[in-house]
Amino acid sequence: SEESEGEDPSERDLARIYERRIQWSVHKLAHRRRVVEELVRDLLSVSRERFLNSFFPVLQPAIGVGSACEGWSPQEENDVVYCVLVPLKPPCGHTFHLEQDTAGEMPQKGMCVCVQLVCTCTGEQLGSNTLCFLHHCKEELMRNQEPSLLQTLCTGPYLDAQKVALWFQKFVTSAWEEVLQSHHYSMKVLPSSRSCKLKLKKAHRKPLFVEIIFGVQQGDSDIFLSSQPTEALVPPGTTWLETYAVAEAMFFQHVSRQAPRHSCYLKCLQLCARILAGTGFSPYVLKTVVMHLLTLIPLAGWCRRDFLLRLDDVMQYLRCCVEEKRLNHFFFGNEDMPEEISLPTAFQTAQPINLFQNLLEDPDAHAKALREANDL
């Protein structure tokens, strides 16, 4: 273009790399995310019809979570997994109560979802066909009504994440032919104990990997309990782990609404994720750094022309955090939290949690991290 005639050739080369590799990757992620959203929406629509008169959990609209649904990915294209969280609500005649899990020490907060029966006799008087599980005899219930949730997907009084996952996997297998995408994709359910992992294949195309996890909302907040295990821990079936993935997705949606068109923050994440591959810095550490910077640097400063400046900011911020042995978790005690994100009161008043606590406690780990940060 005329504007680029006076530019340095090396800058034009950088622009080509930016357009062809980073920009293209982000656009492709967005396109595949829309395919996944449509697929899961159709699956849930079939589930509502299939389980209309049952007492299985009520499946709410899915929420795209994780890096790929946020618009970036630390993985190579063939390994990208599109993750969606399906919130669960109690069916008629049931309630969910969250209880702290005290069964064992875990690095991530775990809770149990206690399922309790509630009286529906008033509903019967108003013309509902649902029999009250509390006040009808077992013989009548067995003869005229589907089993309660306590009899199907619970272990004792607690909702079992493993049973929920197996139930949904069987549903997907049986319902696939009713989904529009079955005309375009072959589908295989992959082994998973606490989620539903799908491999979708279209003729002459690379496979598309989807993971459907299940969550129970904490009050009215954007913090959920998730069926998804961590990389280091697969908890018991009745233990659900606290996740901030929905709040993170809400944060990136907030930024996308406020940021100028063609902003570069997703491209920064995409490129930095590839740069950090093979180091001791996890993708979650990188995402936390960028989320902090997005609240510190005005969004007008994330235009494409500021790309190199923002890349430098990300690396410098990371290096400073390593030097100080402190990187604050984004959702605890953060005064810069956007108002659209709803957090439990305890989160707002909590002391910041240090994601680099291990660097404080282990001098060798700190020395290694400092070397890697300097190299970067």
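Keep in mind the model is a prediction, meaning the values are calculated, not measured. (Residues numbered from 1 in each chain as written. Predicted model: local features only at pLDDT ≥ 70, side-chain atom pairs only at ≥ 80, totals over all residues. Heavy atoms only, no water.)

### Points about the overall build of the protein chain
Scanning the protein chain from N- to C-terminus turns up 13 helices and 12 strands. Principal-axis analysis of the C-alpha atoms gives the protein chain an extent of 85 × 50 × 35 Å. Burial statistics for the protein chain: of 376 residues in total, 46% are counted as buried. For the protein chain, the proportion of contacts with a sequence separation of at least 24, taken over those separated by at least 6, is 65%. On the protein chain, roughly 19,800 Å² of surface is accessible, and the fraction owed to carbon and sulfur atoms is 51%. In the protein chain, the 38 positive side-chain charges and the 46 negative ones have mean positions that sit 7 Å from each other. (Helix = DSSP H or I, 4+ residues; strand = E, 2+ residues; numbered from the N terminus. Buried < 20%, exposed > 50% of the residue type's maximum accessible area, 1.4 Å probe, protein only. Contact = heavy atoms within 4.5 Å. Areas by Shrake-Rupley, 256 points an atom, 1.4 Å probe, with all protein chains shown as cover. Lys, Arg positive; Asp, Glu negative; His and termini not counted. Charge placed at Lys NZ, Arg CZ, Asp CG, Glu CD.)

### Details of helix α7 (residues 245-258)
Quick reminder: α-helices carry 3.6 residues per turn. Residues three or four places apart thus point the same way. An ideal rise of 1.5 Å per residue puts 20 Å on 14 residues; α7 measures up with 20 Å between its terminal C-alpha atoms. Buried residues of α7: Ala245, Val246, Ala247, Glu248, Ala249, Phe251, Phe252, His254 and Val255, and no others. (Expected span 1.5 Å × (residues − 1).)

### Focus: the UniProt feature "domain: Mab-21-like HhH/H2TH-like" (unreviewed entry) in the protein chain
Residues annotated by UniProt as "domain: Mab-21-like HhH/H2TH-like" (unreviewed entry) correspond here to residues 281-342. Regarding residues 281-342, the helix share stands at 52% and the strand share at 0%, and the terminal C-alpha atoms are separated by 28 Å. (UniProt positions renumbered as here; feature names shortened; annotations may be inferred.)

### Description of the packing of aromatic side chains
Tallying each qualifying case throughout the model produces 15 aromatic pairs. Both rings, one in Phe51 and one in Trp167, keep their centres 5.1 Å apart while their planes meet at 50 degrees; by these two values the pair is tilted. Of the two residues, Phe51 is situated in the loop between α1 (9-50) and β1 (58-59) and Trp167 in helix α6 (residues 161-175); the sequence distance between them amounts to 116 residues. Members of the aromatic cluster, connected to one another through ring pairs, are Tyr244, Phe251, Phe252, Phe330, Phe331, Phe332 and Phe347. Positioned above the aromatic ring of Trp302, the side-chain terminus of Arg310 is 5.9 Å from the ring centre. (Phe/Tyr/Trp six-rings, centres within 6.5 Å; stacked < 30°, edge-to-face > 60°. Lys NZ or Arg CZ within 6 Å of the ring centre and 35° of its normal.)

### Focus: the pairing of strand β12 (residues 240-243)
Bridge analysis of strand β5 (residues 110-117) against β12 gives 2 bridges, and the strand direction is antiparallel. Residue pairing in the sheet places Met111 in a bridge with Trp240 of β12. Pairing geometry for strand β11 (residues 224-226) and β12, over 3 bridges, is antiparallel. From the neighbouring strand, Leu225 faces β12, where its bridge partner is Glu242. (Pairing = 2+ DSSP bridges.)

### Structural notes on the domain arrangement of the protein chain
By the assigned domains, the protein chain splits into domain 1 (7-243) and domain 2 (259-375). Taking only C-alpha atoms into account, the centre of domain 1 sits 28 Å from that of domain 2. Between domain 1 and domain 2, the residue contacts involve 20 residues of the former and 21 residues of the latter. Carbon and sulfur atoms make up 62% of the surface buried where domain 1 meets domain 2, a total of about 1,800 Å² over both sides. The interface formed by domain 1 and domain 2 contains 1 salt bridge. As a salt-bridge pair, Lys287 and Glu70 come within 3.0 Å of each other at their nearest N and O atoms. Scanning the region where domain 1 abuts domain 2 turns up 5 residue pairs in polar contact (both at pLDDT 80 or more). The element contributing the most residues to the side of domain 1 that touches domain 2 is α1, with 8 residues. (Domains from an automatic or database assignment. Buried area = accessible area lost by both parts, 1.4 Å probe. Salt bridge = Lys/Arg side-chain N within 4 Å of Asp/Glu carboxyl O. Polar contact = N/O pair within 3.5 Å; in protein donor to acceptor, adjacent residues only side chain to side chain.)

### Structural notes on the nonpolar core
If you look at the biggest cluster of nonpolar residues, it comprises 47 residues, and the most contacted ones within it are Leu286, Leu294, Trp302, Phe331 and Phe356. Mapped by element, the contributors of at least two residues to this core are α7, α8 (265-276), α9 (283-296), α10 (307-324) and α13 (363-375). Each of domain 1 (7-243) and domain 2 (259-375) gives at least three residues to this core. Non-local contacts of Trp302, meaning those with residues more than four positions away in its chain, are made with Ser263, Cys264, Tyr265, Cys268, Leu293, Leu294, Ile297 and Arg310. Counting 45 residues, the second largest nonpolar core, distinct from the first, contains Leu29, Leu153, Leu159 and Leu225. (Core = buried A, V, L, I, M, F, W, Y, C linked by side-chain atoms within 4.5 Å.)

### Overview of the packing of α9 against α10
Between α9 and α10, the shortest axis-to-axis distance is 10 Å and the interhelical angle comes to 115 degrees. Between α9 and α10, the interaxial angle falls into the category roughly perpendicular. Crossing angle aside, the handedness with which α9 passes α10 is right-handed. Between α9 and α10, the residues in contact are Val285, Leu286, Val289, Val290, His292, Leu293 and Leu296 and Asp313, Val314, Tyr317 and Leu318, respectively. Class assignment for the residues of the contact of α9 with α10 results in 9 nonpolar, 1 polar and 1 charged. (Axes fitted to C-alpha atoms, helices over the stretch in contact; angles between N-to-C directions. Parallel < 35°, antiparallel > 145°, perpendicular 65-115°, else oblique. Left-handed = near helix turned anticlockwise from the far one by under 90°. Nonpolar A, V, L, I, M, F, W, Y, C, P; charged D, E, K, R; others polar.)

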